[in-house]
Amino acid sequence: QIAVARDDDAAAALVAYAAEVAAGVLVLGTSGRRGIQRFRLGSVAEEAVRRSRCPVFVVPNRSAGRVPGASAPVLVAVDPDEPDARAIDAAATLAGLFDAPLEAVSVVGRRDVAPARGADAGAPTAAEVALQAHATLDAVHVLSGDPADEIVRLAEARGAGAVVMGTQGLRGVERALFGSVTEAALRRLGCPVLAVRPSA
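Residues numbered from 1 in each chain as written. Predicted model: local features only at pLDDT ≥ 70, side-chain atom pairs only at ≥ 80, totals over all residues. Heavy atoms only, no water.

(A) View of the nonpolar core. With 28 residues, the main nonpolar core has Leu 26, Leu 75, Val 105, Ile 151, Val 163 and Leu 189 as its most contacted residues. Residue contributions to this core peak at 4 residues, all from helix α6 (residues 147–158). Ignoring anything within four residues of it in the chain, the contact list for Val 105 reads Leu 75, Val 76, Ala 77, Val 78, His 141, Leu 143, Ile 151 and Leu 154. (Core = buried A, V, L, I, M, F, W, Y, C linked by side-chain atoms within 4.5 Å. Buried < 20%, exposed > 50% of the residue type's maximum accessible area, 1.4 Å probe, protein only. Helix = DSSP H or I, 4+ residues; strand = E, 2+ residues; numbered from the N terminus. Contact = heavy atoms within 4.5 Å.)

(B) Layout of unusual backbone geometry. Located in the positive-phi region is Ala 22, a residue other than glycine, with phi close to 55 degrees. With respect to the helices and strands, Ala 22 occurs in the loop between α1 (10–20) and β1 (26–30). Positive phi, normally seen in glycine, also occurs at Asp 99, with a value near 50 degrees. Within the element layout of this structure, Asp 99 appears in the loop between α4 (85–98) and β4 (102–108).

(C) Structural detail: empty space enclosed by the protein. Within this structure, the stated rule accounts for 1 cavity of 30 Å³ or more. The volume enclosed by the largest cavity comes to roughly 30 Å³. Considering the residues around the largest cavity, the lining is formed by Val 49, Ser 52, Cys 54, Pro 55, Val 56, Thr 167, Ala 195, Val 196 and Arg 197. (1 Å grid on protein atoms, 1.4 Å probe; cavity = no way out; pocket = protein on both sides within 12 Å on 5 of 7 lines; lining within 4 Å. Points joined across faces, edges and corners; volume = space filled by probe spheres on them.)

(D) The pairing of strand β5 (residues 139–144), seen in detail. Taken across its 6 residues, β5 has 6 buried, putting it largely inside the fold. Here β5 shows two buried faces, one formed by Ala 139, His 141 and Leu 143 and the other by Val 140, Val 142 and Ser 144. As judged from the 6 bridges shared by β4 and β5, these two strands associate in the parallel manner. Bridging from a neighbouring strand, Ala 104 pairs with Val 140 of β5. (Pairing = 2+ DSSP bridges.)

(E) Region of interest: the sheet that holds β1. Strand order across the open sheet formed by 7 strands is β1-β2-β7-β6-β3-β4-β5, with mixed pairing between neighbours. Two strands bound the open sheet, and with one partner strand each, they are β1 and β5. Ignoring which end each strand starts from, the neighbouring axes of this sheet average 20 degrees apart. In terms of strand pairing, strand β3 (residues 74–77) meets β4 through 4 bridges, oriented parallel. Within β4, the position partnered with Val 76 by the bridge is Ala 104. Sitting on the sheet, helix α3 (residues 44–51) is in contact with β1, β2 (56–60) and β7 (193–196), with an inclination near 150 degrees to β1. Where α4 meets the sheet, it contacts β2, β3, β4, β6 (162–166) and β7, and its direction lies at approximately 180 degrees from that of β3. (Axes fitted to C-alpha atoms, helices over the stretch in contact; angles between N-to-C directions.)

(F) Region of interest: the pattern of salt bridges. Counted by the stated rule, this structure contains 11 salt bridges. A salt bridge links Glu 46 to Arg 187; its shortest N-O distance comes to 3.0 Å. With Glu 46 in helix α3 and Arg 187 in the loop between α8 (181–186) and β7, this residue pair connects regions lying 141 residues apart in the sequence. Exposure remark for Glu 46: the relative accessible area of 4% places this residue in the buried category. Overall, Arg 187 belongs to the partly exposed group, its relative accessible area being 21%. (Salt bridge = Lys/Arg side-chain N within 4 Å of Asp/Glu carboxyl O.)

Structure representation (structure tokens):
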């Protein structure tokens, strides 16, 4: 089915249509603009991620056909204190579709944990225990530092085929004050990103 919408706000039109047809997922491409160009033109994909009630699968032009697989794990970014079951379930489903490993990453404060742990690196930290309780994971990475920086760095190091992230859909003053890890990572990741709203 092909639908054509005319609207000055492309993101609003896409999100409205997705809601109208009860879409299970909204798939968008993005050029990953940064700096002045992004400030002037904005990003339809980022705005759709903020507004959409259904998951948004963003495929950057620079991903060049990169998909999950045996050597390209699905990486799910989660908060160990409040793991989002919906994001983890979506990541597990995506990994299953491509028969790819499922790995979790959690980024905590610099003084809370030693960086770069894997699931087989000895006694698990409290964060690892929290993550392992929510899904069968092939690896758990607990890192410290800036969340977006660490997620992007790990995704590249692991050759991730996709990254799944939860999003609060913050807008206006709240978003300006707190920013968005998902959006910051989205602009820089070289693989597809699945943005999922938290479970109700």
